[in-house]
Amino acid sequence: MFSEYDVIVVGAGHAGCEAAAAAANMGSKVLLVTMNMNTIANMSCNPAVGGVAKGQIVREIDALGGLGGIIADKSMIQFRMLNRSKGPAMWSPRTQNDRFRFAEEWRLALERTPNVDFWQEMAREIIVKEGRAVGIKTGMGLEIKAKSVILTNGTFLNGIIHIGEKQFGGGRTGEKAATGMTEQLISLGFESGRMKTGTPPRVDGRSLNWEAMETQAGDEVADKFSYSDETKPLTKQIPCHITYTNDEVHNILKTGFEQSPMFNGRIKGLGPRYCPSIEDKINRFADKNRHQIFVEPEGWDTVEIYVNGFSTSLPEDVQYKALTKIPGFEKAKMFRPGYAIEYDFFPPTQLSPTLETKKIDNLFFAGQINGTTGYEEAGSQGLIAGINAHQKVNELDPFILKRSEAYIGVLIDDLINKGTEEPYRMFTSRAEYRILLRQDNADIRLTQKGFDLGLAKEIRLEKVKQKLKDTETNKAALQQLKLKPEEVNEVLESLGTSKIKEKATVYSLLKRPQLKLHNLLPIITEKLPNFINQKEIVEQTEIQIKYEDYIEKEASMADKMQQLDGYKVAADFDYDSISNISHEAKEKLKKIKPLTLGQASRISGVNPSDISILMIHMNK
């Protein structure tokens, strides 16, 4: 019935879809196994993609040749660039999406991929022979052979849904949990843990009083995620709205705390610190008398509304009573209550940088099984796991992104070296090289790598080369163009920066924080008719000039750090033979088995002195 596959992907969420697409587009024969073909790429949480640091990840996925950015563009109903008031390292694209079109576009994209087959059934266990994954066994007892297996089980592993004192098995509302896999992995020697996440109620938009809320429109001129020409920015957008809780809402919610599974101890798993439930917010931030609620439409043609900021597992009657005290929600009709879900995960320190498990060859983990939260974090792991599964079965070099190359590199490096005891979410603050890892230059950083892998198409690479050429042409022209005081002083004075007394190059003037390139464009284009005035090129030109010193400093720091990554550590290195490194460091090094000294230096509990001793020992 089944021939042998190169890669079997278990789970068709965001990680599974990226993994299947990547491996298949690189040439592997892929089977995507899901318990429900109708929920492929379902947006289980809010109908949005991107955000702070997450938007950078989506652009990185796109630059490498993944599909997440294109799918988000095709299904978006609103676009916003967050943090525009801050420096470009903080700018983060975010789209509001049509939940139904997002899932439809992903399914269509996978069905159009010749190397992807589908199978609808639960995968109950991995078939392991001589320490290597060679296939899966399904709930019906079918054995499907493969050269590698990627697990992207999301929240389905022994999932339990909680609503007040009610609890029932499930990986998502209306869908059953996956059983058997955790128990087998534990029997193979893997460590497991429990985590939780939650979701808010969904309500009927026809029952809301929109006049009582603040309108949050998209950007006046919309952008998009993908660097390709396959998608276009929106010309029409749907607004979101903002409202707030109040003391009355909080007091009603408190009446249900004794029935809350989080407070009565029935939920053991840790939830996401940076996206807490409404009851957790009230408990942790008792001094605040209101919390922001984002009212998000679920799509172009539906009245369903996502109540972002009101994630809860309180009894449904308490949820509803509290909701109706929020301004604009007085007559709200609830489609379904919020709930919490508790599920198994596997601490990611059990993985190598390729996301292959250390215990079982050719077995890869990606997404929430690794303790992360968020579509973007999951999708990026799926992409890397899919790439490396293909590379492994074809005896090609592993693909590993450095921390200085991508947020994806930061994410995976954090997971495998530090692990996580709570759902891991990406932030710009986690990246020490965030000036290098901007959303505007993900194509410059990663398209060549995607092309070399066979993922990014040549037309993408040519576009990047042209972008670089045009940017350098503009920068060279602005280094030569000098403006007289009478040509520029009026502009400078209007912006609150000092006037010049003699000629100055535009290049030097742009170092001033008050001055933007668009302030001088009328003068520049008059004097330089060949100046490339394309929005993307103008933006890149300004960023590279204005932040030149910071970029060079960070690049130098990255180069120094990469010297440590040049010191390879043998897989069988005997850490017990070194007596003068700390006991904690020795235990962590033996557990994680770093591939390089650079990786060793980033392991929690390993100090700089330990690295110095290791280096001396290795040199001997």
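Everything below is about the structure printed above this text.
What you see is a predicted model; the values in this text were computed from it and never measured.

1. Some words on the pattern of salt bridges
Item 1. Counted under the stated rule, the structure contains 43 salt bridges.
Item 2. Residue E316 is joined to K166 by a salt bridge in which the shortest nitrogen-to-oxygen separation is 2.8 Å. With E316 in helix α8 (residues 316-323) and K166 in strand β12 (residues 166-169), this residue pair connects regions lying 150 residues apart in the sequence.
Item 3. On the basis of relative accessibility, which here comes to 30%, the residue E316 falls in the partly exposed class.
Item 4. On the basis of relative accessibility, which here comes to 46%, the residue K166 falls in the partly exposed class.
Item 5. We note a salt bridge from R194 to D344, for which the minimum N-O separation is 2.8 Å. Here D344 lies in strand β20 (residues 339-345) and R194 lies in strand β13 (residues 193-199), a separation of 150 residues in the sequence.
Item 6. Because the salt bridges share partners, they merge into one network encompassing R403, D413, D414, K418, E432, D565 and R602.

2. Brief notes about the pairing of strand β4 (residues 76-82)
Item 1. The element β4 is extensively covered by neighbouring structure, given that 6 of its 7 residues are classed as buried.
Item 2. Relative to strand β5 (residues 92-97), β4 runs antiparallel, the two sharing 6 bridges. Considered in β5, the bridge of L82 is made with S92.

3. Overview of helix α12 (residues 458-480)
In an α-helix, one full turn covers 3.6 residues, which means residues spaced three or four apart are oriented alike.
Item 1. Over its 23 residues, α12 runs 34 Å from end to end, which matches the ideal 33 Å to within 8%, given 1.5 Å per residue.
Item 2. Every buried residue belonging to α12 is among R460, L461, V464, K467, D470, T471, N474, K475 and L478, and all of these are buried.

4. Side note on the pairing of strand β18 (residues 304-308)
Item 1. Across the 5 residues of β18, 5 count as buried, placing the element largely inside the fold.
Item 2. Inspection of the sheet shows strand β14 (residues 202-204) paired to β18 by 3 bridges, in the antiparallel sense. In the sheet register, D204 faces β18, and the bridge partner there is E304.
Item 3. By the bridge criterion, 4 bridges tie strand β17 (residues 292-297) to β18 in an arrangement that is antiparallel. Bridging across to β18, V295 finds its partner in V307.
Item 4. Connecting β17 to the antiparallel partner β18 that follows it, the hairpin turn spans 6 residues.

5. Focus on the packing of helix α9 (residues 375-393) against helix α10 (residues 407-418)
Item 1. Packing of α9 against α10 leaves a shortest axis separation of 10 Å and a crossing angle of 85°. One finds that α9 runs roughly perpendicular with respect to α10. Only I408, L411, I412 and L415 of α10 make contact with α9, whose side of the interface consists of E377, S380, Q381 and I384.
Item 2. For the contact of α9 with α10, the per-class residue count stands at 5 nonpolar, 2 polar and 1 charged.

6. Thoughts on the sheet that holds strand β3 (residues 48-50)
Item 1. The antiparallel open sheet is built from 3 strands, whose spatial order is β3-β5-β4. Each end of this open sheet is capped by a strand with a single partner; those strands are β3 and β4. For this sheet the average axis-to-axis angle between neighbouring strands, irrespective of direction, equals 20°.

About the thresholds
Residues numbered from 1 in each chain as written. Predicted model: local features only at pLDDT ≥ 70, side-chain atom pairs only at ≥ 80, totals over all residues. Heavy atoms only, no water. Salt bridge = Lys/Arg side-chain N within 4 Å of Asp/Glu carboxyl O. Helix = DSSP H or I, 4+ residues; strand = E, 2+ residues; numbered from the N terminus. Buried < 20%, exposed > 50% of the residue type's maximum accessible area, 1.4 Å probe, protein only. Pairing = 2+ DSSP bridges. Expected span 1.5 Å × (residues − 1). Axes fitted to C-alpha atoms, helices over the stretch in contact; angles between N-to-C directions. Parallel < 35°, antiparallel > 145°, perpendicular 65-115°, else oblique. Contact = heavy atoms within 4.5 Å. Nonpolar A, V, L, I, M, F, W, Y, C, P; charged D, E, K, R; others polar.

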